[in-house]
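Here is what each chain is made of, one letter per residue.
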Number of protein chains: 2
Amino acid sequence: MFQKYDVIVVGAGHAGCEAAHAAAKMGSKVLLCTMNMNTIAQMSCNPAMGGVAKGQIVREIDALGGMSGIISDRSMIQFRMLNRSKGPAMWSPRTQNDRMRFAEEWRMALEQTPNVDFWQEMVTGILVKDGKVRGVRTGIGIEIESEAVVLTNGTFLNGIIHIGEKQFGGGRTGEAAAKGITEQLVQLGFEAGRMKTGTPPRVDGRSLDYSKMEEQLGDENPEKFSYLDITQPLQNQKSCWITYTNKEVHQTLETGFDRSPMFNGRIQGLGPRYCPSIEDKINRFAERERHQIFVEPEGWNTVEIYVNGFSTSLPEDVQYKALRQIPGFENAKMFRPGYAIEYDFFPPTQLHLTLETQLVENLYFAGQINGTTGYEEAASQGLIAGINASLKVQEKDPFLLQRSDAYIGVLIDDLINKGTEEPYRMFTSRAEFRLLLRQDNADLRLTEKGYQIGLAEEERMQAMQDKKSKTAHLINDLKQKKWTPEEINPSLEALGTATIQEKTTIEKLLKRPQIGIQDLKAIHSEFDQYLSKYSKEVLEQAEIQIKYESYLEKEQQMVQKLSNMENFRIPHKFDYLAITALSAEGRQKLNKIRPETLGQASRISGVSPADLSILTVYLGK
Amino acid sequence: MFQKYDVIVVGAGHAGCEAAHAAAKMGSKVLLCTMNMNTIAQMSCNPAMGGVAKGQIVREIDALGGMSGIISDRSMIQFRMLNRSKGPAMWSPRTQNDRMRFAEEWRMALEQTPNVDFWQEMVTGILVKDGKVRGVRTGIGIEIESEAVVLTNGTFLNGIIHIGEKQFGGGRTGEAAAKGITEQLVQLGFEAGRMKTGTPPRVDGRSLDYSKMEEQLGDENPEKFSYLDITQPLQNQKSCWITYTNKEVHQTLETGFDRSPMFNGRIQGLGPRYCPSIEDKINRFAERERHQIFVEPEGWNTVEIYVNGFSTSLPEDVQYKALRQIPGFENAKMFRPGYAIEYDFFPPTQLHLTLETQLVENLYFAGQINGTTGYEEAASQGLIAGINASLKVQEKDPFLLQRSDAYIGVLIDDLINKGTEEPYRMFTSRAEFRLLLRQDNADLRLTEKGYQIGLAEEERMQAMQDKKSKTAHLINDLKQKKWTPEEINPSLEALGTATIQEKTTIEKLLKRPQIGIQDLKAIHSEFDQYLSKYSKEVLEQAEIQIKYESYLEKEQQMVQKLSNMENFRIPHKFDYLAITALSAEGRQKLNKIRPETLGQASRISGVSPADLSILTVYLGK
Ligand SMILES: Cc1cc2nc3c(=O)[nH]c(=O)nc-3n(C[C@H](O)[C@H](O)[C@H](O)COP(=O)(O)OP(=O)(O)OC[C@H]3O[C@@H](n4cnc5c(N)ncnc54)[C@H](O)[C@@H]3O)c2cc1C
Ligand SMILES: Cc1cc2nc3c(=O)[nH]c(=O)nc-3n(C[C@H](O)[C@H](O)[C@H](O)COP(=O)(O)OP(=O)(O)OC[C@H]3O[C@@H](n4cnc5c(N)ncnc54)[C@H](O)[C@@H]3O)c2cc1C
């Protein structure tokens, strides 16, 4: 009934959508098999994309030719560049999104992608023969064949929803859990674990008193995620609102602790430490008298409101009572209570860096199934799994990103080598080269790579090259052009920075913290005109590259040094157990994780520097 | 946690949405409790509203102040007035709709209706005390109190989905079935039954060859459903396509008959005879060599296609093989197979004409739960139940529509008095006064009634009165104004109708079948100018009233005669069992159905004319 596909993607969440799109774009025949075509790209939790470290990931996905940036742009209702006051490594784009539009835009984008077919059904198992995946089996018993399978089941595998003392099966509220897959994988030898996450109640915006909250406007000059100009910044934006919990709220919440599934042991899975529930927060930070609550609209027109910061699985009556003690929520009406969900995941140390499983060839895992949390983390894994599944089927070299290439490289390297005990989310602190991994240069870092594998389109490649060459040109000019003390000193004084004694290049002036490239415009009308040839992005890029030149160079050198070792490949079937000189723990871990490179081996916890030297010798490096 | 509501509506399908909107509009505090807020007003089956007899119902809902017409207008992608070539009693508006837009417009409309609150959860039972409903109980065990409850569970009560030999629980594909309610109602003494319906597979429009099909364009001058001018006719429309099954298709389908849940006895419930599955059609009409298939887009942008006419629950491989033998479908890709669904319903003879149950006070049933099929049938019942629940809570008189008032009156009267063995759908033939119950005059028939109960707004009332008075004015003028033979005979000749010998009123001329009101325009530029003062609707109305005057009068007289008896009310607690003169069957049926009026009693099958006379005597009429 079905043709044989190159790649079957199971699940159409953030990971599955990116995987299907990428593989199809790269020429694979793809089947996207998901339980319900009406829930393609549903945002399970908050209606927002990006934020600190996550915004960088969305920019990286976009630079490679993925869709999450474009979809976010098309459905955004507010844009903010977080951390603008800090250095550019910290700038993090974030959009508030219309939940329905987001899902619809993704579905339309997939429908318009040639090579993507759809099948609406629950997948209950995979087909495996001789250690290689051969396709999937569905709920009604259909077997669909393929060369590769990407599993992106999100929170659906044996999902159990908890509200207070009640619990019931489900993959998301109102949606069924997925059965069969975990059991089969465990039988095949996979290790499975249990995690949990939670979501806040939704309320009726008509019942809130915004006069008691602080308004949080979008940026005055909003930007967007995609480097392509097929999307545009917003002309009008919706506001979010900020309010706070207080002692009364906390006291009320505490009255439900004995009925909390988190505290009475009913939930076994570990939750995200960095995205804690409100009961977690008041428990762990008992000294804090209040916590911030972001009151976020769910879309352009809907009255539904997302109560960000109030994730909870306490009994619904406690949720309700506590909610109403928050300023502005005195008359709040709930649409649905918050809840926690427990689900199966597979410790990601069982994967290759391509996200292919070590146990079953051509089987890939991406997204929450790997123990991560967050849309961006999921989407980026989907992208990498989709790319690599497609490359593998086409018998091409795998596509790997280094820790110095992208946050996506950091994410996958962390997962595969360190595994994760609790839901893993990205932070800037996880990246050792975060000055290199900025949101402004994801295109310069990655678009060529995306282009080479046939994912990023010509148009994207040209836009990047144009930006790159213009930036280089501008920097060169700024290095050549000098200003005399007469020309410039009055302006320098006005800017509160030291005057100059001799002719000085603009480049040198720009390195001063008090001077930005926009300030230069004010100095000379002629120079202003010269600069006006360049786009905002090019100006910003040149400024950053000049201002942070020495730091960037230093990081770059470090990368170089590491990359010699980093890139030294270890043969796939290398026999660690035979090297008795290795420490017992090192040997065991290496044998389990099977690192692809020496660099990867070096970051495995339990592999000592001594182990690494021994390994280097054995590998003849 | 919840306030006490006036009306709780369970389920947000077509019935539930209209019920919630109407009750809230009439001033009741309403809670709409539905399993999943993302599926509010999901069209379970075909993405279309209206059609023969059903289009009239949508116009009636609109005339009363309901929303289905407005929502359909806002989401339509094509409009056609069916049966234009027949008499005006047969004209039936039909829209093809964008499935996602339809659901979204309903949700937005409800969100913007003051007095409607939302709660997302499955209702598992009702609260009853002293024979009166007191609220509902939800899946997580919350009890929400109310004065009245409207159950609109659609196909969800113990729903079982069948595809070939496979079956699994569900209320719609990908959605859970509702448990608990049937069992409780049966315990309370309700009789429950089982019905079934089906839906065709969905396919990928990109895989079809439209050059092998006939294009079905929308109307050249498209109209719309709502009498209000807040919606507009379409400027651009999408086409549908027509193709046909053939012998090969039928033969292929027959290969699956032994695995068909309909033919091997696995499905117990009775299906809709008039919306049969394709296997039903080839089984029952074995002599027909082909059946028509309407190929309908699911929206403006999606590639998903609805294969209207190919509803089936045969095994998916048989569906697929047969589908591909249909011209244009040679390379068709399926998104999901067709399926049949079995669900519980409650024989509607257990209801009052208000749709309140006889057994439990203030409990109302509306929609598919009453054994009907179709969105329009469901929506109109929801409207009537919502209105009456609201009136009851406000201690006002019930709102009843006669068979001569509206198709909605026919629908409810049929249900309550005749019950239904198979899913009930509306046909023009069910209405004895169908010349009165036209799509063009639903506003004249019903808007005042809707206005009196506080549902239809001022604006709607004024638009109707304006149309009414202008029509009367125009008709009066046409009765006064005479034309001389000299003025008119050449034109009459050109129109192929007899010339006149003496001055003749325009009214008289208009009665001729060869002359339409638009033809009159061509005769006199002066008269053309006079007519141009009137809207298309007024012109059409005047023409119909003049042309069909004598038929309309005759029907009207009939209505009058019947209504004397019809409206004679029988006391609620009338003791039929005490009247031994009644036939055994008549006594039993009357006691069971408890008709509200003599008219209603007269239409109960089993109540003989003799019984009726006896009853009339006892009632002292
Ligand atoms: C209640 C809740 C709260 C959350 N809270 C947070 C939070 O506070 N912060 C945060 O960063 N992240 C949160 N998340 C996580 C975030 O939603 C996920 O990280 C992200 O959606 C994961 O994307 P995914 O693509 O891996 O899976 P999902 O988005 O879960 O998508 C999985 C898809 O696969 C389909 N599917 C699953 N199994 C099958 C099968 N067997 N056959 C066919 N289709 C299948 C599903 O229908 C769905 O379409 C939360 C998630 C939930 C459910
Ligand atoms: C597979 C299928 C095929 C069909 N084919 C045809 C056809 O060919 N022709 C035709 O005219 N009609 C067809 N129909 C029927 C048409 O869809 C229905 O007549 C119409 O949708 C009924 O409207 P409703 O409001 O009664 O119920 P529905 O539209 O079914 O809505 C019921 C609502 O109630 C909610 N709900 C149910 N139980 C609970 C609960 N316990 N708690 C909370 N919420 C609850 C559901 O989530 C849903 O929102 C078909 C329906 C299905 C499912």
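Residues numbered from 1 in each chain as written. Chains lettered and ligands numbered in written order. Predicted model: local features only at pLDDT ≥ 70, side-chain atom pairs only at ≥ 80, totals over all residues. Heavy atoms only, no water.

Engineer: When you look at the overall build of chain A in this model, what are you seeing that I'm missing?
Structural biologist: Of the regular secondary structure elements, chain A holds 21 helices and 22 strands. Taking 25 Å as the expected radius of gyration for a compact globule of 621 residues, we find that chain A reaches 26 Å, a close match to that expectation. Taken along the three principal axes of its C-alpha coordinates, chain A extends 80 × 70 × 50 Å. For chain A, the residues scored as buried account for 63% of the 621 residues in total. Considering only residue pairs separated by 6 or more positions, chain A has 72% of its internal contacts joining residues 24 or more positions apart. When the accessible surface of chain A is totalled, it reaches about 23600 Å², and 48% of it is carbon and sulfur. Of the charged side chains in chain A, 74 are positive and 81 negative, and the gap between their average positions amounts to 2 Å. (Helix = DSSP H or I, 4+ residues; strand = E, 2+ residues; numbered from the N terminus. Rg over C-alpha atoms; globule rule 2.2 N^0.38 Å. Buried < 20%, exposed > 50% of the residue type's maximum accessible area, 1.4 Å probe, protein only. Contact = heavy atoms within 4.5 Å. Areas by Shrake-Rupley, 256 points an atom, 1.4 Å probe, with all protein chains shown as cover. Lys, Arg positive; Asp, Glu negative; His and termini not counted. Charge placed at Lys NZ, Arg CZ, Asp CG, Glu CD.)

Engineer: I keep staring at the site of ligand 2 and nothing clicks. Help me out?
Structural biologist: All names here are of chain B. By nearness alone, 35 residues border ligand 2, and A15, V123, G198, Q368 and G374 come closest of all. Contacts to ligand 2 include T152, whose backbone N or O atom sits 3.4 Å from an oxygen atom. T373 places a polar side-chain atom, nitrogen or oxygen, 3.1 Å from a nitrogen atom of ligand 2. Computed on the free molecule, ligand 2 has an accessible area of 980 Å², of which 97% lies beneath the protein chains in the complex. With three residues, strand β12 (residues 193-199) is the largest single contributor of residues to the shell around ligand 2. Among the residues forming the shell around ligand 2, the class breakdown is 16 nonpolar, 16 polar and three charged. (Near = heavy atom within 4 Å. Polar contact = N/O pair within 3.5 Å; in protein donor to acceptor, adjacent residues only side chain to side chain. Nonpolar A, V, L, I, M, F, W, Y, C, P; charged D, E, K, R; others polar.)

Engineer: What is the right way to look at the relation of the copies chain B and chain A in this model?
Structural biologist: Superposition of the two copies of the chain requires a rotation about an axis together with a shift along that axis. When chain B is fitted onto chain A, the two copies agree to an RMSD of 0.1 Å after a turn of 180° and an axial shift of 0.0 Å. This pairing of chains is accounted for by a two-fold axis. By residue overlap, the copies meet face to face through one surface: 100% of the interface positions of chain B are interface positions in chain A. (Least-squares fit on C-alpha atoms with pLDDT ≥ 70 in both.)

Engineer: Even after reading the chapter, I still don't get the site of ligand 1, so can you show me in this structure?
Structural biologist: All names here are of chain A. What surrounds ligand 1 is a group of 34 residues, the closest being A15, V123, G198, Q368 and G374. One nitrogen or oxygen atom from the side chain of N153 is found 3.0 Å from a nitrogen atom belonging to ligand 1. Here a nitrogen atom of ligand 1 sits 3.3 Å away from a polar atom, N or O, in the side chain of T197. Against a free-state accessible area of 980 Å², the protein chains account for coverage of 97% of ligand 1. Elements represented by at least two residues in the shell around ligand 1 include exactly α1 (14-25), β2 (30-34), β12 (193-199), β19 (339-345) and α9 (375-393). With three residues, the top contributor of residues to the shell around ligand 1 is β12.

Engineer: Is there a simple way to think about the UniProt feature "binding site: FAD" (unreviewed entry) in chain A in this case?
Structural biologist: All names here are of chain A. Those places that UniProt annotates as "binding site: FAD" (unreviewed entry) correspond, in this numbering, to G11, A12, G13, H14, A15 and G16. Checked against the element boundaries, G11 lands in the loop between β1 (5-10) and α1. Once residues lying within four places of it in the same chain are set aside, the contact partners of G11 are G16, L32, C33, T34 and T152. On the accessibility criterion, G16 (0% relative accessible area) is buried. Excluding its chain neighbours within four sequence positions, the residues that come into contact with G16 are V9, G11, L32 and T152. (UniProt positions renumbered as here; feature names shortened; annotations may be inferred.)

Engineer: Explain the sheet that holds strand β15 (residues 240-244) of chain A here, please?
Structural biologist: Through backbone hydrogen bonds, the strands of a sheet pair up, either in parallel or in antiparallel fashion. All names here are of chain A. One open sheet holds the six strands; their spatial order is β14-β15-β16-β17-β13-β18, and the pairing between them is antiparallel. Two strands lie at the open edges of the sheet, namely β14 (214-216) and β18 (334-336), each paired on one side alone. Averaged over all neighbouring strand pairs, the angle between strand axes comes to 35°, with direction disregarded. Summarising the sheet, β15 and strand β16 (residues 292-297) pair through four bridges and their orientation is antiparallel. Of the residues in β16, the one forming a bridge with Y244 is Q292. (Pairing = 2+ DSSP bridges. Axes fitted to C-alpha atoms, helices over the stretch in contact; angles between N-to-C directions.)

Engineer: For this particular structure, what's the right way to read the interface of chain B and chain A?
Structural biologist: How big an interface is tends to be expressed through the accessible area that disappears when the partners come together. With 44 residues of chain B in contact, the opposing surface of chain A contributes 44 residues. Counting the surface lost from both chain B and chain A, the interface buries some 3800 Å², and carbon and sulfur atoms represent 51% of this. On the chain B side of the contact with chain A, B:M1, B:I140 and B:F335 bury the most area, a combined 17% of that side's loss. Across the contact surface, chain B and chain A share six salt bridges. The shortest N-O distance in the salt bridge between B:E104 and A:R101 comes to 2.8 Å. Counting across the interface, chain B meets chain A through 26 residue pairs in polar contact (both at pLDDT 80 or more). (Buried area = accessible area lost by both parts, 1.4 Å probe. Salt bridge = Lys/Arg side-chain N within 4 Å of Asp/Glu carboxyl O.)

Engineer: Mind showing me how you'd approach unusual backbone geometry here?
Structural biologist: All names here are of chain B. Positive phi is not limited to glycine here, since N158 has a value of about 50°. Mapped onto the fold, N158 is located in the loop between β9 (143-151) and β10 (160-163). Exposure remark for N158: the relative accessible area of 14% places this residue in the buried category. Even without being a glycine, R594 presents a positive backbone phi close to 50°. Positionally, R594 belongs in the loop between α19 (584-593) and α20 (598-602).

Engineer: For this particular structure, what's the right way to read the packing of aromatic side chains?
Structural biologist: Aromatic ring pairs: the centre-centre distance and the angle between the two ring planes describe each pair. This structure, assessed with the given rule, holds 26 aromatic pairs over all chains. Taken together, a centroid distance of 5.4 Å and an interplanar angle of 40° make the contact between A:F190 and A:F365 tilted. In this pair, A:F190 sits in the loop between α5 (181-187) and β12 while A:F365 sits in strand β20 (residues 363-365), placing the two residues 175 residues apart along the sequence. Both residues of the pair, A:F190 and A:F365, belong to the buried class. Here the aromatic rings of A:Y548 and A:Y551 are separated by 6.5 Å at their centres, their planes lie at 50°, and the arrangement is tilted. Given the relative accessible area of 24%, A:Y548 is considered partly exposed. Aromatic rings pair up to connect A:W483, A:F527, A:Y530 and A:Y534 into one cluster. When the ring centre of B:Y244 is taken as reference, the NZ or CZ atom of B:R290 above it lies at 3.5 Å. (Phe/Tyr/Trp six-rings, centres within 6.5 Å; stacked < 30°, edge-to-face > 60°. Lys NZ or Arg CZ within 6 Å of the ring centre and 35° of its normal.)

Engineer: Please explain the sheet that holds strand β4 (residues 76-82) of chain A as it appears in this structure.
Structural biologist: Residue and element names in this part refer to chain A. Strand order in the open sheet made by the three strands is β3-β5-β4, with antiparallel pairing throughout. What marks the edges here is a single partner per strand, and that holds for β3 (48-50) and β4. The sheet shows a mean angle of 15° between the axes of neighbouring strands, direction not considered. With six bridges connecting them, β4 and strand β5 (residues 92-97) associate as antiparallel partners. In the sheet register, R80 faces β5, and the bridge partner there is R94.

Engineer: What is the right way to look at α1(A) in this model?
Structural biologist: Along an α-helix, residues three or four positions apart point the same way, because every turn accommodates 3.6 residues. Residues and elements named next belong to chain A. Here α1 spans 17 Å end to end across twelve residues, near enough to the 16 Å set by a 1.5 Å rise per residue. Judged by how many residues are buried, α1 sits mostly within the fold: eleven of twelve residues are covered. Among the residues of α1, H14, A15, G16, C17, E18, A19, A20, H21, A22, A23 and A24 are the ones counted as buried. At the C-terminal side of α1, G27 shows a positive phi close to 100°. (Expected span 1.5 Å × (residues − 1).)

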